[in-house]
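Inside the fold
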Amino acid sequence: MASFLHLPAIFTLPSPLHGASFPARSRPNSLFHTRFSIKCRYAEANVNKDAFNSVSATIDVLADVKPERVVVLGGSGFVGSAICKAAVSKGIEVIGVSRSGRPTYSGSWIDQVNWVPGDVFYVNWDDVLVGATAVVSTIGGFGSEEQMQRINGDANVVAVNAAKDYGVPKFILISVHDYNLPQFLLSSGYFTGKRKAESEVLSKYPNSGVVLRPGFIYGKRRVDGFELPLDLIGEPVERIMSATENFTKPLSSLPASDLLLAPPVSVDDVALAVINGIRDDDFFGIFTIAQIKEAADKVRV
Ligand SMILES: NC(=O)c1ccc[n+]([C@@H]2O[C@H](COP(=O)([O-])OP(=O)(O)OC[C@H]3O[C@@H](n4cnc5c(N)ncnc54)[C@H](OP(=O)(O)O)[C@@H]3O)[C@@H](O)[C@H]2O)c1
């Protein structure tokens with residue numbers, strides 16, 4: 001019985017022994033690939049001894065391994081928890097940061113996340129960013145003008161700079177669609193905060209930063225221990241809007257038309273688009289609602 005070494009990555013096996021060809025994929029430009037050689041030995045191999053000339057043989061396995069360690073800021077929130085859950089399901093190591101720390105409800109994925117309670121303005125970044133390969137920020141929200149500037153803008157600017165200082169190679173920001181709003185409405189603290197955060201991501205991470213701009217996000221949102229099934233509204237609306245897209249498109253140049261016309265997106269699609277962003281080195285820049293859905297499709301199984 002041959003014993004095989006299982007590797008989490010696609011690998012090449014330059015084996016003259018049996019001429020098998022394995023799918024090979026390598027991205028030599030990526031900084032964070034660890035290329036190493038592993039010796040593995042067949043024990044009591046049930047093989048053609050003429051071909052091997054011995055009972056046991058030593059082969060070299062070259063493996064491209066990209067260990068992923070993702071920090072999700074706001075990991076306990078509606079969008080953040082979907083991202084943590086999706087990342088865990090893809091075998092990615094996840095650190096979830098929020099002031100409240102670990103969510104109070106249960107779920108097997110929750111046990112697989114390393115929860116760090118902390119406020120992004122005061123957290124000890126040594127506890128979360130060392131060895132991280134990506135930071136995803138879902139931090140944002142509503143309140144007074146000042147609060148919205150602070151939470152949507154300043155909090156993310158702090159996070160982007162901390163990630164940059166710690167050499168984290170990728171930053172993904174959950175921002176927001178602009179709904180085609182007139183400029184005077186876009187000057188609210190919510191949107192100006194978001195755009196400030198976006199600029200910081202794109203200037204500090206010009207070749208890897210990701211800004212996702214979803215509209216209304218639907219899914220099951222937990223509020224005070226209850227689950228709000230936003231998908232009961234969001235899902236059919238998304239379907240109707242996609243079916244009528246050709247008729248409504250001409251209206252989209254009207255100011256604020258996207259308040260009605262921007263299709264909602266499921267929280268799972270936002271999470272999958274983030275996974276795509278974590279995994280694909282060529283995925284960077286600003287992504288619209290339609291592009292978020294396309295990115296999600298790339299990693300959906
Ligand atoms: N939901 C939507 O329909 C929608 C649509 C478009 C864009 N977005 C954007 O998507 C993002 C996520 O939205 P969401 O609905 O998931 O919001 P949410 O449920 O309120 O989640 C926000 C998360 O951020 C954490 N947080 C807030 N302030 C923090 C701080 N100072 N330090 C550390 N953690 C902090 C919160 O946990 P603690 O309170 O425990 O700290 C929570 O985990 C936001 O930026 C939002 O603007 C949402």
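- If you check an unreviewed UniProt entry, the chain appears there as NAD(P)-binding domain-containing protein from Prunus yedoensis var. nudiflora.

1. Points about the packing of helix α2 (residues 78-89) against helix α11 (residues 267-279)
- Direction vectors running N to C along α2 and α11 enclose 55 degrees, while the axes themselves pass 8 Å from each other. With respect to α11, the element α2 is oriented oblique. Of the two elements, α2 crosses α11, and the hand of that crossing is right-handed. Here α2 contributes Phe78, Val79, Ala82, Ile83, Ala86 and Ala87 to the contact with α11, which in turn contributes Val267, Asp268, Val270, Ala271, Leu272, Val274 and Ile275.
- Counted by class, the contact of α2 with α11 contains twelve nonpolar, no polar and one charged residues.

2. Re the site of the ligand
- The local shell around the ligand holds 25 residues, among which Gly74, Gly77, Arg99, Ser100 and Gly140 are the closest.
- Contributions of two or more residues to the shell around the ligand are made by α2, β5 (93-98) and α5 (145-165).
- Per element, the largest residue contribution to the shell around the ligand is three residues, and it comes from α2.
- The residue inventory of the shell around the ligand, partitioned by class, reads 14 nonpolar, nine polar and two charged.

3. Re the confidence of the model for the chain
- With 78% of its residues at a pLDDT of at least 70, the chain reaches an overall mean of 81.
- Confidence drops under a pLDDT of 50 for residues 1-49, and excluding neighbours within four residues, the segment shows 71 contacts in the predicted structure.

4. Here we look at the nonpolar core
- Residues Val70, Val71, Ile83, Val135 and Val270 are the most contacted members of the largest nonpolar core, which totals 64 residues.
- With eight residues, α11 is the largest single contributor of residues to this core.
- Residues in contact with valine 135, not counting those within four places in the same chain, are Val71, Leu73, Ala159, Ala163, Val168 and Phe171.

5. What to know about the sheet that holds β5
- Strand order in the open sheet made by the seven strands is β6-β5-β4-β7-β8-β9-β14, with parallel pairing throughout. Because the sheet does not close on itself, it has two edges, and the strands there are β6 (113-117) and β14 (285-287). Sheet twist, expressed as the average angle between the axes of neighbouring strands with direction ignored, equals 15 degrees.
- Against the sheet, helix α7 (residues 189-204) contacts β8 (171-174) and β9 (210-212), and its axis sits at roughly 165 degrees relative to β8.

6. Some thoughts on the environment of glutamate 238
- Here glutamate 238 shows up in helix α8 (residues 231-243).
- Take glutamate 238: there are 21 C-beta atoms within 10 Å of it, and that puts it in the buried class.
- The spacing of glutamate 238 and serine 266 is 28 residues in sequence and 8.7 Å in space, taken between C-alpha atoms.
- Sequence-distant contacts of glutamate 238, that is, excluding residues within four places in its chain, are made with Pro263 and Pro264.

7. Quick word on the pairing of strand β4 (residues 69-73)
- Of all five residues that make up β4, four are buried, and the element is covered over most of its length.
- Judged from the five bridges that link them, β4 and β5 form a sheet pairing that is parallel. Each bridged residue has a counterpart across the sheet, and for valine 70 the counterpart in β5 is valine 94.
- Where the polypeptide runs from β4 across α2 and back to β5, its parallel neighbour, the crossover connection is right-handed.
- Two elements, β4 and strand β7 (residues 134-137), share four bridges in a ladder whose sense is parallel. If you follow valine 70 over to β7, its bridge partner there is alanine 134.

About the cut-offs
Residues numbered from 1 in each chain as written. Predicted model: local features only at pLDDT ≥ 70, side-chain atom pairs only at ≥ 80, totals over all residues. Axes fitted to C-alpha atoms, helices over the stretch in contact; angles between N-to-C directions. Helix = DSSP H or I, 4+ residues; strand = E, 2+ residues; numbered from the N terminus. Parallel < 35°, antiparallel > 145°, perpendicular 65-115°, else oblique. Left-handed = near helix turned anticlockwise from the far one by under 90°. Contact = placed C-beta atoms within 7 Å. Nonpolar A, V, L, I, M, F, W, Y, C, P; charged D, E, K, R; others polar. Near = placed C-beta within 6 Å. pLDDT = per-residue confidence, 0-100. Core = buried A, V, L, I, M, F, W, Y, C linked by C-beta atoms within 7 Å. Buried ≥ 20, exposed ≤ 12 C-beta atoms within 10 Å, placed from the backbone. Pairing = 2+ DSSP bridges. Right-handed = clockwise from strand over helix to strand, strands pointing away.

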